[in-house]
Amino acid sequence: MKMIDLRSSSILKLLTLLSLQLSSANAQVLERNNTNFGNNRVFSYTVQSSYGVNTSANASPNLRVETEAVLNLKEDSQLTNKAGTVAGGTGATFQNTPNGSNVTLTGITADNIFLIDKGTTFRASLTTTESDGQVSVGNASATASHSLTVSVSNGETSFFNTLRANFEGAE
């Protein structure tokens, strides 16, 4: 049998390696960056139609004013606002100028058919109350009114989000 002669320095090296292996430290380092950015474009339009009556009067104190407006619409009256067709066909082209903006709309329509029925009346009158020597001045009116307003809005929003996380640890 052969004997191995180990020197003390070799034994120390072996013991040092074993102790380092048994007591080794584990560390974790994780770094994560997550960035999101983008743009959202927003286009909206509104079509508003109205039909009604207005009465107004402006008179000196020695005048009596009477105004009346009655509007009756037939049941066949129609108010139709449409955007595009079944296959699409709606569009807007915006042009910015130094003096403002212009928009050209396609495929957006408003069809208003108001049919006036029996019993519709408009009346305005001015009569003097007493002769007081003062000049009588006034005006009065009773009218039908119709308005159609198309409002178009175009905008853009931007966003930028960043998430940064670091994880470090040791056992």
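Above this note sits the structure.
Being a predicted model, the structure only gives us computed values, none of them experimental. Residue numbers here run from 1 along each chain, matching the order of that chain's written sequence. Local features are withheld for residues below a pLDDT of 70 in this predicted model, meaning they are given only at 70 or higher, and side-chain atom pairs are given and counted only at 80 or more; totals for whole chains, interfaces and linings count all residues. To obtain the side-chain values, all non-hydrogen atoms of the structure were included, while hydrogens and water were left out.

Draft legend 1. Quick look at the overall build of the chain. Summing up its helical and strand segments, the chain has 1 helix and 8 strands in all. Its helices and strands taken in sequence order, the chain reads α-β-β-β-β-β-β-β-β from the N to the C terminus. We call a residue buried when its accessible area falls under 20% of the maximum for its residue type, exposed when it is over 50%, and partly exposed in between, using a 1.4 Å probe and counting protein chains only. Going through the 171 residues of the chain one by one, you find that 6% of them count as buried. A sequence separation of at least 24 residues applies to 82% of the contacts in the chain between residues at least 6 apart. About 13900 Å² of surface is accessible on the chain, with carbon and sulfur atoms providing 50% of the total. Only DSSP runs of H or I reaching four residues or more are called helices, and only runs of E reaching two or more are called strands; each is numbered from the N terminus. Any two residues whose heavy atoms approach within 4.5 Å at even a single point are treated as in contact. Surface exposure here means Shrake-Rupley accessible area, sampled with a 1.4 Å probe, where a residue is shielded only by the protein chains that are shown.

Draft legend 2. Inspection of a nonpolar patch on the surface at higher detail. Residues F43, Y45, F94 and V103 make up a contiguous nonpolar surface patch of roughly 300 Å² in combined accessible area. Exposure remark for F43: the relative accessible area of 35% places this residue in the partly exposed category. Each patch is built from salt-bridge-free residues with over 30% relative accessible area, joining like charges within 9 Å and nonpolar side chains (Val, Leu, Ile, Met, Phe, Trp, Tyr) within 5 Å. Basic side-chain nitrogens of Lys or Arg form a salt bridge, by our definition, when they fall within 4 Å of a carboxyl oxygen of Asp or Glu.

Draft legend 3. Expanded view of the packing of aromatic side chains. The pairing test for Phe, Tyr and Trp rings, Trp by its six-membered ring, is centres within 6.5 Å, and the orientation test on the planes gives stacked under 30 degrees, edge-to-face over 60, and tilted for anything in between. According to the stated counting rule, one finds 1 aromatic pair in the structure shown. Ring geometry for Y51 versus F114: centroids 4.5 Å apart, planes at 20°, classification stacked. Taken together, the residues Y51 in strand 1 (residues 27–59) and F114 in the loop between strand 6 (108–113) and strand 7 (121–128) connect sequence positions 63 residues apart. A relative accessible area of 22% places F114 in the partly exposed class.

Draft legend 4. Inspection of the pattern of salt bridges at higher detail. Within the structure shown, the criterion is met by 3 salt bridges. Here R64 ties to E66 by a salt bridge, and the two come within 2.6 Å at their closest N and O atoms. Classification of R64 as partly exposed rests on a relative accessible area of 47%. Residue R123 pairs with E66 through a salt bridge whose shortest N-O separation is 3.4 Å. Taken together, the residues R123 in strand 7 and E66 in strand 2 (residues 63–70) connect sequence positions 57 residues apart.

Draft legend 5. The environment of T109, seen in detail. Structurally, T109 can be placed in strand 6. Taking relative accessible area as the criterion, T109 reaches 35% and is therefore assigned partly exposed. It is 8.1 Å that separates the C-alpha atoms of T109 and T80, two residues lying 29 residues apart in sequence. Apart from the residues within four sequence positions on either side, T109 is in contact with T80, N81 and K82.

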